[in-house]
Amino acid sequence: MNPLDYAYTVTFVLLGAAVLLTLYRLVRGPSVMDRLVCLNAVSVLLVTFIAVEVALRGDHAYIGLVITFALLGFIGSLTAARFAERRAHDRG
Amino acid sequence: MSAPSDAGAEPGRPVRRQLLGRLVMAVWLTLMWVILWGDASPGTVVAGAGVAAGCYYAARLPHLPVRLRFRPLRIVLLIGHIAVDMLVSSVRVAFHALWRPAQMRGAIVAVPMRTDSDLLLVMVSAGLSLITGSLVIELNREEGVLYVHGTPVSSERSVRHLRRQVRRTEERFVRAFGTQRDIDEFEREEQELLRADEENSEEETR
Amino acid sequence: MTAGDIATAVLLPLGAAFAFTGTVGLVRFPTLLGRVHAATKPDTVALVLVLAGAAFQLPDPRVAAWLGLAALFQFLTAPVLAQTFGRVAYSRGEISTGHLITDELADAVERSREDDDGDGG
């Protein structure tokens, strides 16, 4: 196995562990904001995964996905956070 | 690259400057389009320009008065500082995460800003929020005060350090992107703040 | 192994390590604002490092420009999100004040409220 393969293995293990830990926090909460922050973190981690995939294959077909996912995650998180703020206002 | 500069030319030809500002934005959108398509053939460029103009018309994007000056050397330094800050503070937060997460304390400090330019304030707060361990919670536009949450902060000394960091970041942004007038105003306000600080400390010692 | 491969072999695990430690912070920090810090910023560093590492594996520099674009988007969006999360968390009152050394925003809000009362009475 050449050193680059080790690097990919380490990367995937660390990123996979990061996603699992984030999902743990996502389930545990405790507050809505915690869950929103976690969702955003998962989306960024997914984008990172795709970027590693781009490196692994040396193939640019996925880069469009990187940008699309990043922007969708951004818009989704921003909208959700704004919504959470509005609800807090309504309650008083 | 240089945006419309306005070294003391306030009353002169606002229409032209407005057009220039729009042109910069349209060129930027077109550039994005070309990069996303991945080839710079004339057809793509024309289509991109068309889409940019269409977007502009349909969304009625607000016209931002771009009053910036670009100083390449300062900008490179600024980017270097931010990159170093990002790495160092990420390592610091990682250290806390791994060894003593329960002792993680934070502080929200009010830092009066010395510049009055909207665009510069936005850039400063974005630059601060990009760094691990500092986060702009609120921006009081009327008084020009940033409320920054910093972490890990454990003592009065680190609170002072956070304040100093915010001010340094502001100074770097102003000196990299501000027009001559922005810089002059910045220096004037700084003198005033310094004088006020001195008076305060004199009162305290008395 | 070429120099590009070495760069990739260093940058990718380094980025992943940043993402991992950030997530450990997300799980272990006691305050919501601390978790916002841990969730948004180290991930940005991680993504940019991984993108830089991936750029060395691409045959065509034109394609690497796309990766630069992705990094640029991340630099633009991350502070906006972090700031929004922070503001919303604060305005919802989900901040544990016991963990704050000082809170000058609360002081300012207090002061302006007193001013309003003064005007009213």
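Computed from a prediction, not measured in an experiment: that's the story for all the values here.

Draft legend 1. View of the interface of chain A and chain C. Counting residues at the interface gives 45 residues for chain A, matched by 45 residues for chain C. For the side of chain A that touches chain C, the class distribution of residues is 33 nonpolar, nine polar and three charged.

Draft legend 2. Spatial organisation of unusual backbone geometry. Residue Thr151(B) is joined to Pro152(B) through a cis peptide bond whose omega torsion reads -5°. Position of Pro152(B) among the secondary structure elements: in the loop between strand 3 (145–150) and helix 5 (156–177).

Draft legend 3. Examining the UniProt feature "transmembrane region" (unreviewed entry) in chain A more closely. Within this numbering scheme, the UniProt entry marks residues 6–24, 36–56 and 62–84 of chain A as carrying the feature "transmembrane region" (unreviewed entry). Taken as a whole, residues 62–84 of chain A contains 96% helix and 0% strand, while its terminal C-alpha atoms sit 33 Å from one another.

Draft legend 4. Region of the structure containing the confidence of the model for chain A. The share of residues in chain A with pLDDT of 70 or more is 92%, and the mean pLDDT across the chain is 84. Looking over chain A, one finds the lowest element-wise mean pLDDT in helix 3 (residues 63–91) of chain A, namely 79, and the highest in helix 1 (residues 3–28) of chain A, namely 89.

Draft legend 5. Inspection of the environment of Val32(A) at higher detail. Residues and elements named next belong to chain A. The residue Val32 is located in helix 2 (residues 32–57) in this model. Judged by C-beta crowding, with 18 C-beta atoms within 10 Å, Val32 ranks as partly exposed. The sequence separation of Val32 and Thr11 amounts to 21 residues, and the corresponding C-alpha distance is 30 Å.

Draft legend 6. Here's a closer look at the environment of Val84(B). All names here are of chain B. Along the chain, Val84 turns up in helix 3 (residues 72–99). Among the residues examined, Val84 registers 11 C-beta atoms within 10 Å and is labelled exposed. Sequence spacing of Val84 and Leu128 is 44 residues, and the spatial spacing of their C-alpha atoms is 13 Å.

Draft legend 7. Structural detail: the interface of chain C and chain B. With 36 residues of chain C at the interface, the matching set in chain B holds 34 residues. For the side of chain C that touches chain B, the elements supplying multiple residues, two or more each, are helix 1 (3–28), helix 2 (32–55), helix 3 (61–91), strand 1 (100–103) and helix 4 (104–120) of chain C. The dominant element in the side of chain C that touches chain B, judged by the number of residues it contributes, is helix 3 of chain C, at twelve residues. Relative to strand 1 of chain C, strand 1 (residues 106–112) of chain B runs parallel, the two being bridged by two bridges. Pairing of Gly106(B) across the sheet is with Leu100(C), part of strand 1 of chain C.

Parameters and conventions
Residues numbered from 1 in each chain as written. Chains lettered and ligands numbered in written order. Predicted model: local features only at pLDDT ≥ 70, side-chain atom pairs only at ≥ 80, totals over all residues. Contact = placed C-beta atoms within 7 Å. Nonpolar A, V, L, I, M, F, W, Y, C, P; charged D, E, K, R; others polar. Helix = DSSP H or I, 4+ residues; strand = E, 2+ residues; numbered from the N terminus. UniProt positions renumbered as here; feature names shortened; annotations may be inferred. pLDDT = per-residue confidence, 0-100. Buried ≥ 20, exposed ≤ 12 C-beta atoms within 10 Å, placed from the backbone. Pairing = 2+ DSSP bridges.

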